Amino acid sequence: MVAFDQVNVVDESEGERVRADLVRARSARSIAEGSIRVLLMAAAAISIATTTAIVVILVRESLSFFSQVPLAQYLFGTKWTPLLAGDQQSFGVLPLLWGTFYLTGIGLLLAIPCGLLSAIYLAEFARPKVRNTVKPILELLAGMPTIIFGYFALTFITPKILRGLFGVEVLQYNGLAAGLTLGLLVIPTIASVAEDAMRSVPHSLREGAFGLGASRLQVALRVVFPAALSGVVAALILGASRAVGETVIILIAGGQQPSLSLDPRISFQSMASFIAATARGDIPQGTLKYETIFVVGFTLFIVTLLLNAVSSRLVRRYRQVYE
Amino acid sequence: MTGSDLAAAATAGMRRGERPRLGGRLFSLAMYFAVGLALISLAALIGQTVVKGSPSLSIEFLTSYPSRINPESSGVQSALVGTLLLIVLTAAFVVPVGVATALYLEEYADRTKWWNRMIEVNIQNLAAVPSVVYGILGLAFIVRGPLSLGPVLLAGGLTLGLLVLPVVIIVSREAIRAVPPSIRDGALALGATKWQTISKQVLPGARAGIVTGLVLSLSRAVGETAPLLVIGAASSPRFDPSGLNDAFTALPIQIFTWTQDPNPAFVDKAATASIVLLAILAVMNGIAIFVRNRYEQRW
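Residues numbered from 1 in each chain as written. Chains lettered and ligands numbered in written order. Predicted model: local features only at pLDDT ≥ 70, side-chain atom pairs only at ≥ 80, totals over all residues.

(A) Structural detail: the overall build of chain A. A tally of helices and strands in chain A yields 12 helices and 2 strands. If you list the helices and strands of chain A from N to C, you get α-α-β-β-α-α-α-α-α-α-α-α-α-α. Within chain A, residue pairs in contact and separated by at least 24 positions form 73% of the contacts whose partners lie at least 6 positions apart. (Helix = DSSP H or I, 4+ residues; strand = E, 2+ residues; numbered from the N terminus. Contact = placed C-beta atoms within 7 Å.)

(B) Examining the nonpolar core more closely. Membership of the largest hydrophobic core comes to 182 residues, with the highest contact counts inside it found for A:Ile275 and B:Ile136. Sort the elements by how many residues they give to this core and helix H3 (residues 94-125) of chain A lands first, with 18 residues. Every residue in contact with B:Ile136, bar those within four places of it in the chain, is listed here: A:Ile57, A:Ile275, A:Ile293, A:Phe294, A:Gly297 and B:Val230. (Core = buried A, V, L, I, M, F, W, Y, C linked by C-beta atoms within 7 Å. Buried ≥ 20, exposed ≤ 12 C-beta atoms within 10 Å, placed from the backbone.)

(C) Looking closely at the environment of A:Ile36. Tracing the backbone shows A:Ile36 in helix H1 (residues 15-66). Spatially, the C-alpha atoms of A:Ile36 and A:Phe268 are 52 Å apart, while their sequence positions differ by 232 residues.

(D) Quick peek at the packing of helix H3 (residues 77-108) of chain B against helix H10 (residues 251-259) of chain B. All names here are of chain B. For the pair H3 and H10, the least separation of the axes is 8 Å and the interaxial angle reads 145 degrees. Between H3 and H10, the residues in contact are Ala79, Leu80 and Thr83 and Leu251, Ile253 and Gln254, respectively. A breakdown of the residues in the contact of H3 with H10 according to their chemical character gives 4 nonpolar, 2 polar and no charged. (Axes fitted to C-alpha atoms, helices over the stretch in contact; angles between N-to-C directions. Nonpolar A, V, L, I, M, F, W, Y, C, P; charged D, E, K, R; others polar.)

(E) The environment of B:Ala91, seen in detail. Its location among the elements puts B:Ala91 in helix H3. Given 21 C-beta atoms within a 10 Å radius, B:Ala91 is considered buried.

(F) Spatial organisation of the packing of H3(B) against helix H6 (residues 153-177) of chain B. Residues and elements named next belong to chain B. Viewed as axis vectors pointing N to C, H3 and H6 meet at an angle of 40 degrees, and their least axial separation amounts to 6 Å. Crossing of H3 over H6 shows right-handed handedness. Broken down by class, the residue content of the contact of H3 with H6 amounts to 19 nonpolar, 7 polar and 3 charged. (Left-handed = near helix turned anticlockwise from the far one by under 90°.)

(G) Highlighting the confidence of the model for chain A. Counting all residues, the mean pLDDT for chain A is 88, and 89% of those residues have values of 70 or more. Looking over chain A, one finds the lowest element-wise mean pLDDT in H1(A), namely 84, and the highest in H3(A), namely 96. (pLDDT = per-residue confidence, 0-100.)

What follows is the structure, encoded as structure tokens:
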């Protein structure tokens, strides 16, 4: 242990000794202080190391994959059957990309109107008491484990809502149920982030509009909503990116059959659900099947990174700055 | 202008005024519908889980091992023990690393240096990486590859730790930032060193915020299925993990395994296990709320 409480006697008559003492005083403590700084910095480096490890692993296995499968077949092939043998084996990622975006799209079709309307209601219309009750409940929905959403999609949305209430002839594992449940999952994300954005619009704007005779609805839609647009768009992209990366809902309710189809009643597989479905089996390391996990993971990683970059760019570009 | 003209203008004006009112009413309806849909979905989600799951909820369910043949005698003991141990392991990893990183960024890092900005951007990006990708990292780096631990409890804890680390860093930074600079200035003026200031003033002041954020991050880790599936958590083991290097399972994995079973009696077991998972999350959220209300510093 280095003594923290070392007392330094300073002789005021000799300037040189004073300086020497001060220098020594600093160095005695600076060992401890400096080593703490280094320790904290090392901890911060772990997050950098995590990113590096993710990128290195994904790139290395992907390169090894592309030494056996041509890039063009991967990017433009329309059949994804990596687990089959011989001629049946095909590595076109389009069905997985399609599954990911199609199901996300179905989800957003539900989540964007619901999320934004909820946000406008909570930010502009709800009484404080209602808002303080509804918002935590919505956040509860956001905190539910996605495995429970998956169970819900399989045992409630498909049999009771789709087949029962709407009479849609869906397969037991279908894209519609998975997509709609993805929508339910991201409604609270969109509502909560968009509401925060709208509430941060200064009151003077609302008061100005009311003063000019605008109705509450006009203020909400023509003043507050446009002023909060950057935050609203960020909320939508955040929701989309959550749906794109979601795994278990699609794995449980969407089936495990990649499809390149517009018919939402059949099975779909997304990039994330393929990874979870495939990595579960003990695939031997170094095989082409093992490497597919990493190529698809790399593709998913790039897609979410792009979504993130677009969102932070939009926020920066369209952010209205109020004093 | 005659009186009838005025009246006509007034009714026209009223009629013009009616349209936004009708639109407003429709819009209100749409808003109530949207909020209602979200609330009803939540109610249906919990309702379905409770209705299907509660009949087989019992003490025996918590203290017996999963069976592949007999749904009646199946329970979640190995999954429950696994989940509780994972919480402890994840916390043991994420608390020192997360708080230290947050302290570095808030108290030491010079924002004008590119590497410090890189660390910040990097943490933001890591928070957005899908959880399956953390599973891949765990599989290739921890289970196999450099660490080669195998699909064991420690590997699960580390993977979940890496997954929630960015969130823990972000919430800890907020808690540390909430401690006013005057507290630091006061300590420094009394002759405390930088670390004395941090350890005796800043950290105690930020403790409630850090603990609240930590518990909420851990509750996110508890509900994660995908990374544990990918690293190869065992399905329905009939034993508890006896050490860090033992095979393990967790509640979400057990729920997943049961949803995949063709026997509907097992699918109902998934609901029962979900109730147990929800109960754990409720306790954790309760702890977070308690800590925030009881220990939060007001400056």
